[in-house]
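In case you want the letters, here they are:
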Amino acid sequence: MEKNNIQESEKNLLHIYNRFPVVLDHGEGVYLYDTDGKQYLDFAAGIAVTGLGYHNEEFNEAIKGQVDRLIHTSNLYYNINCGEAAQALAKASGMDKIFFTNSGTEANEGAIKAARRYAYTKGSGRFEIISMENSFHGRSIGAVSVTGHDSYREPFEPLLPGVRFAQFNDLESVKAQVNDKTCAIMLEPLQGEGGINVAKPEFMEGIRSICDENDILMICDEVQCGMGRTGSMFAWQEYGVQPDILTMAKAIGNGIPVGAFALTDRVAGYSLKPGDHGSTYGGNPLACMAVKTVLDIFEKEKIVEHVNQIAPYLTKCLEELAQKLDCVTEHRGKGLIQGLVVTRPFAEVNKNAIEEGLLIISAEGNVIRLVPPLIIEKRHVDEMIEKLERALTK
């Protein structure tokens with residue numbers, strides 16, 4: 001039956017995604033179920049999206065209620081949800097001004113435009129952006145242009161001009177790329193797609209110093225590593241290094257498509273003006289109801305505190321697994337975004353994991369990426385370890 005469901009669901013789709021052979025039907029907590037009723041422990045969370053897990057009643061009721069009231073009006077009119085979501089997100093992120101988008105890619109597009117508009121307003125003539133090797137910022141032309149993977153970039157060249165790449169966690173490499181045309185330095189505090197690479201404190205601090213000394217903007221992409229995943233609401237807060245522009249998406253909507261980029265007041269004063277940027281769907285009442293409900297639940301349920309309670313146990317269990325199995329060569333990550341570097345092909349391990357009832361995803365460098373819903377408990381970690389060990393040793 002599952003095979004027939006897959007064939008039917010793919011019939012009219014452009015085959016771009018490398019989908020796994022599962023047709024998912026519904027979810028409950030940290031589990032997903034396929035159309036045959038098989039249960040899967042979810043350690044992928046829709047690629048770090050469903051932080052609250054599945055069938056959260058408060059979230060679902062808020063979305064259902066908003067559907068009955070108003071879904072969309074466009075940004076030609078005010079809506080209360082947009083203002084309240086922006087206020088809550090500014091408070092949570094430590095930033096000042098919020099612009100809502102439909103995705104992380106769009107958030108990063110907005111960040112690039114905001115940085116260039118800042119330079120234009122100040123009359124500096126700057127336009128170049130320094131990004132990091134192994135970074136991932138999205139799949140539009142602008143976002144691909146600042147993504148540090150040749151495989152993503154080469155098929156679509158020529159791309160956005162004025163992009164230079166430095167080595168992640170190598171401050172001297174960044175300094176070597178800075179010149180009088182540099183308007184921004186862009187990085188993920190924790191590279192997800194790039195292999196679960198955590199920025200060193202001295203690297204973040206060093207970039208902040210370079211930016212301050214040269215009137216360059218620091219852009220932090222927290223589309224994946226934000227919203228409690230690393231153990232703070234946003235990863236930059238752990239470093240005490242505030243960016244000038246912050247991008248986010250994924251878990252801010254818990255599955256409703258929504259992203260945002262945020263500016264400090266200082267940058268906003270010189271950056272985008274009415275007419276410079278826009279989005280028909282961005283900030284619509286439904287998406288913003290999702291954002292403000294997620295933030296409310298995070299606060300009431302103390303989600304970030306829970307991440308910090310459960311993450312050490314996950315770290316311990318992964319370290320033990322890495323020491324136990326010869327096919328695991330390294331353990332990386334922090335909070336609830338962690339990875340194992342393995343010698344076995346991911347496709348093979350993933351096939352075994354699906355058979356075991358475990359959903360995982362990969363990252364660059366043959367890394368098993370583990371980004372579960374933020375509500376997991378120790379028993380779910382134990383279950384994952386058992387299933388993953390079997391998947392790695394079959």
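In short, a report on the structure. (Residues numbered from 1 in each chain as written. Predicted model: local features only at pLDDT ≥ 70, side-chain atom pairs only at ≥ 80, totals over all residues. Heavy atoms only, no water.)

This part covers the environment of Glu364. Mapped onto the secondary structure, Glu364 falls in the loop between β16 (361-363) and β17 (367-370). On the basis of relative accessible area, Glu364 is assigned to the partly exposed category, the value being 38%. For the pair Glu364 and Gly194, spaced 170 residues apart in the sequence, the C-alpha separation amounts to 4.9 Å. (Helix = DSSP H or I, 4+ residues; strand = E, 2+ residues; numbered from the N terminus. Buried < 20%, exposed > 50% of the residue type's maximum accessible area, 1.4 Å probe, protein only.)

A word on unusual backbone geometry. The amide bond that connects Glu157 to the next residue, Pro158, takes the cis arrangement and shows omega of 5°. By secondary structure assignment, the location of Pro158 is in the loop between α7 (150-153) and β6 (163-166). In this model, Ile196 sits at a positive phi of 60°, which is unusual for a non-glycine residue. Tracing the chain through its elements places Ile196 in the loop between β8 (190-191) and β9 (197-198). Judged by its relative accessible area of 1%, Ile196 is buried. At Lys250, a position not held by glycine, the phi torsion is positive, near 45°. Along the chain, Lys250 turns up in the loop between β11 (245-248) and β12 (259-263).

Turning our attention to the nonpolar core. With 88 residues, the main nonpolar core has Phe100, Met132, Met384 and Leu392 as its most contacted residues. Sorting elements by how many residues they give to this core places helix α13 (residues 303-324) first, with eleven residues. Other than its neighbours up to four places away in sequence, Phe100 contacts Cys82, Ala85, Ala86, Leu89, Val258, Gly259, Ala260, Ser279, Gly282, Gly283, Cys288 and Val291. Judged by nonpolar contacts, the second largest core, of 20 residues, contains Ala115, Ala119, Ala184 and Phe261. (Core = buried A, V, L, I, M, F, W, Y, C linked by side-chain atoms within 4.5 Å. Contact = heavy atoms within 4.5 Å.)

As a further point, take the packing of aromatic side chains. By the definition in use, this model includes four aromatic pairs. Geometrically, the ring pair formed by Phe99 and Phe261 is stacked, given 5.1 Å between the ring centres and 25° between the ring planes. Of this pair, Phe99 sits in strand β4 (residues 97-101) while Phe261 is found in strand β12, placing the two residues 162 residues apart along the sequence. On the basis of relative accessibility, which here comes to 24%, the residue Phe99 falls in the partly exposed class. Judged by its relative accessible area of 2%, Phe261 is buried. Between Phe168 and Phe203 the ring centres are 5.6 Å apart and the planes differ by 70°, which places this aromatic pair in the edge-to-face class. Pair noted here: Phe168 is in the loop between β6 and α8 (171-177) and Phe203 is in helix α9 (residues 201-214), with a separation of 35 residues, a long-range link. Each member of the pair Phe168 and Phe203 is classed as buried. The ring of Tyr270 carries Lys122 above its face, with NZ or CZ at 4.9 Å from the centroid. (Phe/Tyr/Trp six-rings, centres within 6.5 Å; stacked < 30°, edge-to-face > 60°. Lys NZ or Arg CZ within 6 Å of the ring centre and 35° of its normal.)

In strand β2 (residues 31-34), alternate side chains face the same way, and those of Tyr31 and Tyr33 on one face and Leu32 and Asp34 on the other are all buried. As judged from the four bridges shared by strand β1 (residues 24-28) and β2, these two strands associate in the antiparallel manner. Looking across to β2, one finds that Glu28 is bridged to Tyr31. Hairpin connection, β1 to β2: the antiparallel pair is bridged by two residues, and Gly29 has positive phi, about 65°. Here three bridges tie β2 to strand β3 (residues 39-42), and the two strands are oriented antiparallel to one another. Note on β3: the bridge partner recorded for Tyr31 is Leu41. (Pairing = 2+ DSSP bridges.)

On to helix α12 (residues 285-300), then. Taking 1.5 Å as the rise per residue, α12 with 16 residues should run 22 Å; its terminal C-alpha atoms sit 22 Å apart, in good agreement. On the buried face of α12, the contacting elements are α3 (57-69), α4 (80-93), β4 and α13. A side-chain oxygen of the first residue of α12 lies 2.9 Å from the backbone nitrogen of Leu286; this N-cap is Asn284. Within two residues after α12, Lys302 carries a phi angle of roughly 50°, on the positive side. (Expected span 1.5 Å × (residues − 1). Polar contact = N/O pair within 3.5 Å; in protein donor to acceptor, adjacent residues only side chain to side chain.)

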